[in-house]
Amino acid sequence: MKNRKTGTTFVSAALLAGGLTATVAQAQDKEFTIAVSIPAATHGWTGGVVYHAQEAEKQLEAAYPNIDVIVSTASSATAQVSSLEDLSATNELDALVILPFTSEELTGPVEQVASNGTFITVVDRGLSDESIQDLYVAGDNIAVGANTAEWLVEKLGGEGEIVVLRGIPTVIDDERIQGFTEVIEKTDIEILDIQYANWNQDEAFTLMQDYLGKYPNIDAVWANDDDMLLGVLEAVDMAGRDDVKYALGGNGMKQVIEMVKAGDERTPISTPYPPSMIASAMYMTAAQFAGQAPMRGSFKLDAPLITPENADQFYFPDSPF
């Protein structure tokens, strides 16, 4: 098994792109194949992931003629497992950059790919066994939950009743919930209910309707993700409930950033979790082969609160997310 070293420095895609030159790549005779396995654009954030992966594919292949990048999308964990099997069977993979659809189901298949000597880069949703990966690139999910909870505790004065929506069963969701609940547990705030809505706007709408029907008072909602937040807001507005003082998400979707910029009373903050991290991971993986820069470790983005005062720094109107 491979050993994993951890670190806290995050190297941006732009910096790596500038530092890796085509001259270095062209000087190498060996051909390299990097497979990129990611979820399909089933919601806003993954739509952004697909966009940035495809852009990075074009940029890397233009810069490095001896690197072939194959981007593969999958609409389910089962489909992603099948895709990995096909990629491994039809290509000699030097590296795999993977954003797992789910942690448990993809750990074994990725371990099988790694057993062939393939360099493994995991993005965002970690595997159940971290020793499989050579490189890990993600946001700080514990901070996403904790920073949101700390803001909410202050605004509610340390007491009240709230509901929470979880995402898909993955390490990333576990970490966000851990960060959030560890802060809330130290207060008199009661979490009335916490269920999965799979980072899906429609499912979040349905679950929030259920919450509203079950609980006569809800002071705040944490939706864990901005796609789910949109479903929550629709359900609250449709029910005409004015007891919900705050409805918060995460990831920095541009539609939500616009609410923050406008000083929306119910959604006055967010936290960043940019889908462009897939491109950063691809550039860092390419550096392993083209830049003569061995890449190992864990690289995490910070998760500061996005407020009306700093929202412009996180707002990208041309982005799909």
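Look above for the structure.
Calculation criteria
- Starting from 1, residues in each chain are numbered consecutively following that chain's sequence as written.
- pLDDT decides what is reported in this predicted model: residues at 70 or higher carry local features, side-chain atom pairs at 80 or more are listed and counted, and totals for whole chains, interfaces and linings draw on all residues regardless.
- Side-chain metrics rest on all non-hydrogen atoms present in the structure, leaving aside hydrogens and water.
- In DSSP terms, a helix is any run of H or I states spanning at least four residues, a strand is any run of E spanning at least two, and both are numbered starting from the N terminus.
- Using a 1.4 Å probe on the protein chains alone, a residue whose accessible area is under 20% of its type maximum counts as buried, one over 50% counts as exposed, and one in between counts as partly exposed.
- Contacts were defined at the residue level, with two residues in contact if any of their heavy atoms lie within 4.5 Å.
- Computed by Shrake-Rupley with a 1.4 Å probe, the accessible areas treat only the displayed protein chains as cover when residues are assessed.
- A pair of strands is labelled paired if DSSP reports no fewer than 2 bridges between them.
- Classification remark: right-handed applies to a crossover when, strands pointing away from the viewer, the course from the first strand over the helix to the second runs clockwise.
- In this analysis the probe radius is 1.4 Å and the grid spacing 1 Å, with only protein atoms considered; a cavity is a set of points the probe fits into but cannot get out of, a pocket is an open set with protein on both sides within 12 Å along at least five of seven lines, and lining residues have an atom within 4 Å of a point.
- Grid points are joined across faces, edges and corners, and a volume is the space filled by probe spheres set on the points.
- Each residue gets one label: Ala, Val, Leu, Ile, Met, Phe, Trp, Tyr, Cys and Pro are nonpolar, Asp, Glu, Lys and Arg are charged, and the others, such as Gly, are polar.
- All axes here are fitted lines through C-alpha atoms, helices being fitted over the stretch that makes contact, and every angle between N-to-C directions spans 0 to 180 degrees.
- Only rings of Phe, Tyr and Trp enter the pairing, Trp through its six-membered ring, and a pair is recorded when the two centres are within 6.5 Å. The plane angle decides the type: under 30 degrees is stacked, over 60 is edge-to-face, the rest tilted.
- We count a charge as sitting over a ring when the NZ of a lysine or the CZ of an arginine lies within 6 Å of the ring centre and within 35 degrees of the ring normal.

### Focus on the overall build of the protein chain
Helices and strands together make up the secondary structure of the protein chain, namely 11 helices and 10 strands. Each principal axis of the C-alpha distribution contributes one length, and for the protein chain these read about 65 × 40 × 35 Å. Burial status across the protein chain gives 57% buried among its 321 residues. Considering only contacts within the protein chain whose residues lie at least 6 apart along the sequence, 76% involve residues at least 24 apart. Roughly 13,300 Å² of accessible area belongs to the protein chain as shown, and the carbon and sulfur atoms make up 48% of that amount.

### Describing the pairing of strand S6 (residues 159-166)
Across the eight residues that make up S6, a large majority, six, are buried. Alignment of S6 against strand S7 (residues 188-196), held across eight bridges, turns out to be parallel. Looking at S7, one finds that Leu165 is bridged to Gln195. This β-α-β element, S6 to helix H7 (residues 171-184) to S7, shows right-handed connectivity.

### Thoughts on the layout of surface pockets
Think of a ball as big as a water molecule: rolled over the atoms, this probe shows where empty space is left. Roughly 360 Å³ of volume is contained in the largest pocket. Lining the largest pocket are 18 residues, with Pro274, Ser276, Phe314, Phe316 and Ser319 sitting closest to its centre. Considered class by class, the residues forming the lining of the largest pocket number 10 nonpolar, six polar and two charged.

### A look at the sheet that holds strand S5 (residues 135-139)
Spatial ordering of the open sheet is given by S2-S1-S3-S4-S5-S10, a layout of six strands whose pairing is parallel. Of all the strands in the sheet, just strand S2 (67-74) and strand S10 (297-301) have a single pairing partner and so form its edges. Looking at each pair of strands side by side, their axes are set apart by 15° on average, direction ignored. Contacts between helix H11 (residues 277-290) and the sheet are confined to strand S1 (32-39), S2, strand S3 (95-98), strand S4 (119-123), S5 and S10, with S4 contributing the most and set at about 165° to the helix.

### As for the packing of aromatic side chains
A complete count under the given rule lists six aromatic pairs for this structure. Geometrically, the ring pair formed by Trp45 and Tyr273 is tilted, given 5.8 Å between the ring centres and 40° between the ring planes. Remark: Tyr273 occurs in the loop between helix H10 (254-261) and H11 and Trp45 occurs in helix H3 (residues 44-63); sequence separation between them is 228 residues. Given a relative accessible area of 3%, Trp45 falls into the buried group. According to the relative accessible area criterion, Tyr273 is buried, its value standing at 1%. A ring pair is formed by Phe180 and Trp222, whose centres lie 4.3 Å apart and whose planes are at 15°; its orientation type is stacked. One end of the pair, Phe180, is in helix H7; the other, Trp222, is in strand S8 (residues 220-222), and 42 residues separate them in sequence. Residue Phe180 shares its accessibility class with Trp222, and that shared class is buried. Ring-pair connections join several aromatic residues into one group, and the members of that group are Phe32, Phe119 and Phe289. One cation-aromatic arrangement involves Arg125 over Phe101; the distance from NZ or CZ to the ring centre is 5.9 Å. The ring of Tyr273 has Arg176 lying over it, and the distance from NZ or CZ to the ring centre is 4.6 Å.

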